[in-house]
Amino acid sequence: MKKLFIVANWKSHKTTEEATEWLTHMAEGREQRAESEKHKDVIVCASFTLLPAMKAFITKHNLPIKLGAQDVSPFEAGAYTGEVNAEQLKHFVEYVIIGHSERRNYFGETDEMLSKKVQRAKLSKLTPIFCVQGKETPIPEEVTVVAYEPVEAIGSGHPDTPEDADEVAKTIKKQHPTVQYVLYGGSVTAENVKNFTKMSSIDGVLVGGASLDAAHFDQIIEKA
Ligand code: PGA
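What you see is a predicted model, and the numbers here were worked out from it, not measured in a lab.

Once that is clear, we can look at the overall build of the protein chain. Within the protein chain, the secondary structure is distributed over nine helices and eight strands. Here the C-alpha atoms of the protein chain give a radius of gyration of 16 Å, agreeing with the 17 Å that 2.2 N^0.38 yields for 224 residues. Taking the principal axes of the C-alpha coordinates as reference, the protein chain spans close to 45 × 40 × 30 Å. For the protein chain, restricting intrachain contacts to residue pairs at least 6 apart in sequence, the fraction spanning at least 24 positions comes to 70%. Per element, the accessible surface of the protein chain, about 10,700 Å² overall, is 51% carbon and sulfur. Taking the average location of the 26 positive side-chain charges in the protein chain and that of its 32 negative ones, the two points are 5 Å from each other.

The subject of this paragraph is the pattern of salt bridges. Within this structure, the stated rule accounts for 13 salt bridges. For Glu37, the salt bridge identified is with Arg33, shortest N-O distance 2.7 Å. Residue Glu37 and its partner Arg33 are both found in helix 2 (residues 30–37); the two are separated by four residues, about one turn of the helix. Both residues of the pair, Glu37 and Arg33, belong to the buried class. Linked through salt bridges whose partners overlap, the residues forming this network are Asp71, Arg103, Glu109 and Lys117.

A few words now on the pairing of strand 4 (residues 95–98). Remember that side chains alternate between the two faces of the sheet whenever the strand is regular. Neither face of strand 4 is left uncovered, since the one carrying Tyr95 and Ile97 and the one carrying Val96 and Ile98 both have all their residues buried. Sheet analysis places strand 3 (residues 66–69) next to strand 4, joined by two bridges and oriented parallel. Looking at strand 4, one finds that Ala69 is bridged to Val96. Two elements, strand 4 and strand 5 (residues 127–132), share four bridges in a ladder whose sense is parallel. Each bridged residue has a counterpart across the sheet, and for Ile97 the counterpart in strand 5 is Ile129.

This part is about the site of the ligand. Around the ligand sit 13 residues in total, of which Lys11, His100, Glu149, Gly155 and Ser187 are the nearest. Asn9 places a polar side-chain atom, nitrogen or oxygen, 3.3 Å from an oxygen atom of the ligand. Contacts to the ligand include His100, whose side-chain N or O atom sits 2.7 Å from an oxygen atom. Within the complex, 95% of the 290 Å² of free accessible area of the ligand lies under protein.

For the rest of this paragraph, the subject is unusual backbone geometry. With a phi close to 50°, Lys11 is a non-glycine residue in the positive phi region. In this model, Asn62 sits at a positive phi of 50°, which is unusual for a non-glycine residue. For Asn62, the location among the structural elements is in the loop between helix 3 (51–60) and strand 3.

So, on to the side chain of Ser187. Within the secondary structure, Ser187 sits in the loop between strand 7 (181–185) and helix 8 (193–197). Within the structure, the side chain of Ser187 is placed 2.8 Å from the backbone nitrogen of Gly157, a separation counted as a polar contact. Discounting residues that sit within four places of it in the chain, Ser187 has contacts with Ala153, Ile154, Gly155, Ser156, Gly157, His158, Pro159 and Asn192.

Rules used throughout
- Residues numbered from 1 in each chain as written.
- Predicted model: local features only at pLDDT ≥ 70, side-chain atom pairs only at ≥ 80, totals over all residues.
- Heavy atoms only, no water.
- Helix = DSSP H or I, 4+ residues; strand = E, 2+ residues; numbered from the N terminus.
- Rg over C-alpha atoms; globule rule 2.2 N^0.38 Å.
- Contact = heavy atoms within 4.5 Å.
- Areas by Shrake-Rupley, 256 points an atom, 1.4 Å probe, with all protein chains shown as cover.
- Lys, Arg positive; Asp, Glu negative; His and termini not counted.
- Charge placed at Lys NZ, Arg CZ, Asp CG, Glu CD.
- Salt bridge = Lys/Arg side-chain N within 4 Å of Asp/Glu carboxyl O.
- Buried < 20%, exposed > 50% of the residue type's maximum accessible area, 1.4 Å probe, protein only.
- Pairing = 2+ DSSP bridges.
- Near = heavy atom within 4 Å.
- Polar contact = N/O pair within 3.5 Å; in protein donor to acceptor, adjacent residues only side chain to side chain.

Now the structure itself:
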């Protein structure tokens with residue numbers, strides 16, 4: 001059975017209290033999920049401010065959930081007001097989303113800057129989940145996990161077809177031999193997740209809106 005990545009991208013949502021409620025739900029459903037969670041890596045990418053409390057909760061309850069950030073500074077520690085660097089993050093997370101289309105569009109992140117972010121993440125032993133919007137999007141050399149997210153599918157309720165996503169995933173792997181895993185993201189729900197994860201070149205999903213409700217995310221893990 002192939003390993004699947006089930007990644008939640010909470011974007012700029014949830015307070016610490018709401019994040020703790022979400023995790024409490026996940027802790028309660030743990031036993032029922034144990035079987036379906038085998039071969040699945042569940043990763044929650046949350047705002048920086050939520051990470052310390054989430055890390056403490058996950059450790060205390062020994063939950064099989066890993067944490068990720070949604071961004072990282074392209075610089076090391078230094079005079080970069082507002083930035084959170086990879087060395088600071090590594091105490092809380094194993095993964096970091098880099099290159100999401102919202103960062104490219106709203107914050108003007110360029111391919112060059114994204115490549116620096118990947119380097120900084122790698123130096124601190126974080127695994128980048130590098131988002132691409134199509135098969136032409138440049139992918140920095142060190143990247144092993146890619147998420148294909150066509151912009152029009154994000155938050156629209158109109159996902160790509162599983163066949164098209166699989167074709168893109170296959171092409172990315174062929175063009176970039178260092179890429180081991182390609183995830184699909186864009187309007188993934190419990191109802192459609194299996195259509196994507198059953199495709200031969202797709203190794204998991206990146207879930208935005210449908211990850212915010214713990215009960216629904218639970219279903220996504222089970223159905224994937
Ligand atoms: P969505 O977002 O699941 O709400 O479409 C996915 C993403 O932007 O990562």
